[in-house]
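Read off the chains here:
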Amino acid sequence: MGNGLSAAGLRGVREVLTRHVESGRIPGLVALVGRGDETYVEAIGTMRHDGGAPMRRDTIFRMASTSKPVTIAAAMVLLDECRLRLDDTVDAWLPELADRRVLRRVDGPVDDTVPARRPITVRDVLSSTFGLGMDMTSLGTPIMNAVFERGLTPNLPEPMPEPDEWMRRLGELPLMHQPGERWQYQISSDLVGVLVSRVTGQSFEEFLRERVFEPLGMKDTGFHVPADRIDRLPALYAPDPRTGEFLVWDEAEGGRWSLPPAFQGGGGGLVSTVDDYHAYFRMLLNGGRHKGERILSRPAVELMTTNRLTPEQNAARNAMAVNNVHISHGQGQHGGWGFGMAVRTYRGDYASVGQFGWDGGSGTAAYADPAEGLTGILLTQVGASTPDSMRLVHDFWTTLYQAIDD
């Protein structure tokens, strides 16, 4: 084939995806493979586990953490325009995070602290090293309990509060690590959205729509699904880890994404489609250009998609990937992190060094591989409460790389 993907290889991809759906554990999926000017899409299975409408190419999915590599583009636009500088402190925009205190020990009481050695910078926020975040190796500690009690992360029974109240609550807590010391998950991705909103005077979604989504033609991407499209959103399942029973975590009608949220979460709030995500990742592969229009500078794209972390900063993430592999289902074994996304720094599986992207706990994955000129996007409605959707993601990539035939 003209783009170096073999017909037999693509049949192999379809067969593996079909096998997962026919197993009864994945009701439906939409997968996209892009290389050069060629795009292949498979829509297999149904919107609900007990049947219902078939999956379609324009089915809208909750992107969960696969939001992170897309929402970070808003901050990169501001870096390009010199409205943000990497090593400026964030105090002017995020005064709630000025004069931080830091836990003496991560598992210690929240009032046993020392002063931060330096202020938090824009770089710390963009690289997820500002000092506070989700740490699966620290669950049950007083600081993690305090994070959950304050509603600072998504997926809790109560939705996150509006951004100013969220910042107020965040400012009540000490940091877990000194600024710049350790990579930590999630909270910084949501913090980016607040930072962008305060710098621009627009809501995070307005700025993303104006500068990223509309120029790329991402017409189905946003922080909620309008009523006239809600029939394209499947229910989201979080299967019972013991029995595999399909428990509905979020219905489409009247669910969490049926109305605009109080908090537009850069860490996991987007809904989107395979074609919208393909437009974004192709833009990154094209060095920031889309159909002749420049969305981001090439250096901004290179900065986002190059490993930013030292081994010390990345230690907790590697420990999670290697020592808690039964929890992470093998995700996170990439070696590096740029801004908003993982970057492969060693050949740990079939993917090339330099591949970038991320996965979502709702059963989503989106990566691009510059060495191969390849984009792959796989979207399901099965959350990672069981390994099923993540095993599907792994098998998709394993077969997709075998389809390369040049």
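As a starting point, this report considers the structure included with it.

Conventions and cut-offs
Residues numbered from 1 in each chain as written. Predicted model: local features only at pLDDT ≥ 70, side-chain atom pairs only at ≥ 80, totals over all residues. Heavy atoms only, no water. Helix = DSSP H or I, 4+ residues; strand = E, 2+ residues; numbered from the N terminus. Rg over C-alpha atoms; globule rule 2.2 N^0.38 Å. Buried < 20%, exposed > 50% of the residue type's maximum accessible area, 1.4 Å probe, protein only. Contact = heavy atoms within 4.5 Å. Areas by Shrake-Rupley, 256 points an atom, 1.4 Å probe, with all protein chains shown as cover. Lys, Arg positive; Asp, Glu negative; His and termini not counted. Charge placed at Lys NZ, Arg CZ, Asp CG, Glu CD. Salt bridge = Lys/Arg side-chain N within 4 Å of Asp/Glu carboxyl O. Expected span 1.5 Å × (residues − 1). Pairing = 2+ DSSP bridges. Axes fitted to C-alpha atoms, helices over the stretch in contact; angles between N-to-C directions. Core = buried A, V, L, I, M, F, W, Y, C linked by side-chain atoms within 4.5 Å. Parallel < 35°, antiparallel > 145°, perpendicular 65-115°, else oblique. Left-handed = near helix turned anticlockwise from the far one by under 90°. Nonpolar A, V, L, I, M, F, W, Y, C, P; charged D, E, K, R; others polar. Phe/Tyr/Trp six-rings, centres within 6.5 Å; stacked < 30°, edge-to-face > 60°.

**Re the overall build of the chain**
Summing up its helical and strand segments, the chain has 12 helices and 16 strands in all. Computed over its C-alpha atoms, the radius of gyration of the chain comes to 20 Å, within 12% of the 22 Å expected for a compact globule of 406 residues. Across its three principal axes, the chain shows a C-alpha extent of roughly 60 × 50 × 45 Å. With 406 residues in all, the chain has 57% of them scored as buried. For the chain, the share of sequence-separated contacts (at least 6 apart) that also reach a separation of at least 24 residues comes to 67%. Only carbon and sulfur atoms are counted for the fraction: they give 49% of the accessible area of the chain, which is about 16300 Å². Treating the 41 positive side-chain charges of the chain as one cloud and the 52 negative ones as another, the clouds have centres 3 Å apart.

**Some thoughts on the pattern of salt bridges**
Summed over the entire model, instances satisfying the criterion amount to 32 salt bridges. Between Arg-62 and Asp-250 there is a salt bridge, and its shortest N-O distance comes to 2.9 Å. Pair noted here: Arg-62 is in strand S4 (residues 61-62) and Asp-250 is in strand S8 (residues 248-250), with a separation of 188 residues, a long-range link. Accessibility classification places Arg-62 together with Asp-250 in one group, the buried group. Of the charged contacts in the structure, one is a salt bridge between Arg-229 and Asp-228, with a shortest N-O distance of 4.0 Å. The network of salt bridges with shared partners includes Arg-56, Asp-58, Asp-220, Asp-228, Arg-229 and Arg-232.

**Some thoughts on helix H6 (residues 187-200)**
Taking 1.5 Å of rise per residue, the 14 residues of H6 would be expected to cover 20 Å, and the 20 Å separating its terminal C-alpha atoms lies within 8% of that figure. Counting buried residues in H6 gives 12 out of 14 residues, a clear majority hidden from the surface. Regarding H6, the residues found buried are Ile-187, Ser-188, Ser-189, Asp-190, Leu-191, Val-192, Gly-193, Val-194, Leu-195, Val-196, Val-199 and Thr-200. Those residues of H6 that are buried are in contact with helix H2 (68-80), helix H3 (122-126), helix H4 (142-149), helix H5 (163-171) and helix H7 (204-216). Positive phi appears at Gly-201, one or two residues downstream of H6, with a value of about 75 degrees.

**Side note on the sheet that holds strand S14 (residues 356-360)**
Sheet architecture is open: eight strands sit in the order S3-S2-S1-S16-S15-S14-S13-S12, paired in antiparallel fashion. Strands at the two margins of the open sheet, each flanked by one partner only, are strand S3 (51-54) and strand S12 (335-337). On average, each strand axis in the sheet is inclined to that of its neighbour by 20 degrees, with strand direction left out of account. Sheet topology note: the strand S1 (residues 28-35)/strand S16 (residues 374-380) ladder contains seven bridges and is antiparallel. Within the sheet, the bridge partner assigned to Leu-29 lies in S16 and is Thr-380. Along the sheet face, helix H10 (residues 315-323) touches S12, strand S13 (342-344) and S14 and points at about 125 degrees away from the line of S12.

**Here we look at the nonpolar core**
Core analysis: the biggest nonpolar cluster contains 111 residues, and Trp-166, Tyr-280, Leu-284 and Leu-296 have the highest contact counts within it. Looking at this core, the element that brings in the most residues is H2, giving nine residues. Setting aside residues up to four positions removed in sequence, Trp-166 forms contacts with Gly-151, Leu-152, Met-160, Pro-161, Ile-187, Asp-190, Leu-191, Val-194 and Phe-263.

**Describing the packing of helix H1 (residues 7-22) against helix H12 (residues 388-402)**
Where H1 meets H12, the closest approach of the two axes is 9 Å, and the angle between their N-to-C directions is 170 degrees. Classified by the interaxial angle, the pair formed by H1 and H12 is roughly antiparallel. The element H1 and its partner H12 pack so that their crossing is right-handed. Contact with H1, carried on its side by Gly-12, Val-13, Val-16, Leu-17 and His-20, involves Asp-388, Arg-391, Leu-392, Asp-395, Phe-396, Thr-399 and Leu-400 of H12 and no other residues of that element. By residue class, the composition of the contact of H1 with H12 is six nonpolar, three polar and three charged.

**Points about unusual backbone geometry**
The backbone phi angle of Asp-99 is positive, close to 50 degrees, even though this residue is not glycine. The residue Asp-99 is located in the loop between H2 and strand S5 (101-103) in this model. For Asp-99, a relative accessible area of 74% corresponds to the exposed category. Phi is positive for Lys-291, which is not a glycine, with a value near 50 degrees. The exposure class assigned to Lys-291 is exposed, which follows from its relative accessible area of 80%.

**Describing the side chain of Glu-205**
Following the sequence through the fold, Glu-205 ends up in helix H7. Leaving out residues up to four positions away in the same chain, Glu-205 has contacts with Gly-222, Phe-223 and Gln-264.

**Re the packing of aromatic side chains**
Tallying each qualifying case throughout the model produces 13 aromatic pairs. Ring centres 4.9 Å apart and planes at 50 degrees place the aromatic pair Trp-166 and Phe-263 in the tilted group. Residue Trp-166 is found in helix H5, and its partner Phe-263 is found in the loop between S8 and strand S9 (271-272); the two are separated by 97 residues along the sequence. With a centroid separation of 6.0 Å and an interplanar angle of 40 degrees, the aromatic rings of Phe-204 and Phe-223 are classed as tilted. On the criterion of sequence distance, the pair formed by Phe-204 in helix H7 and Phe-223 in the loop between H7 and strand S7 (236-237) is long-range, its members being 19 residues apart.

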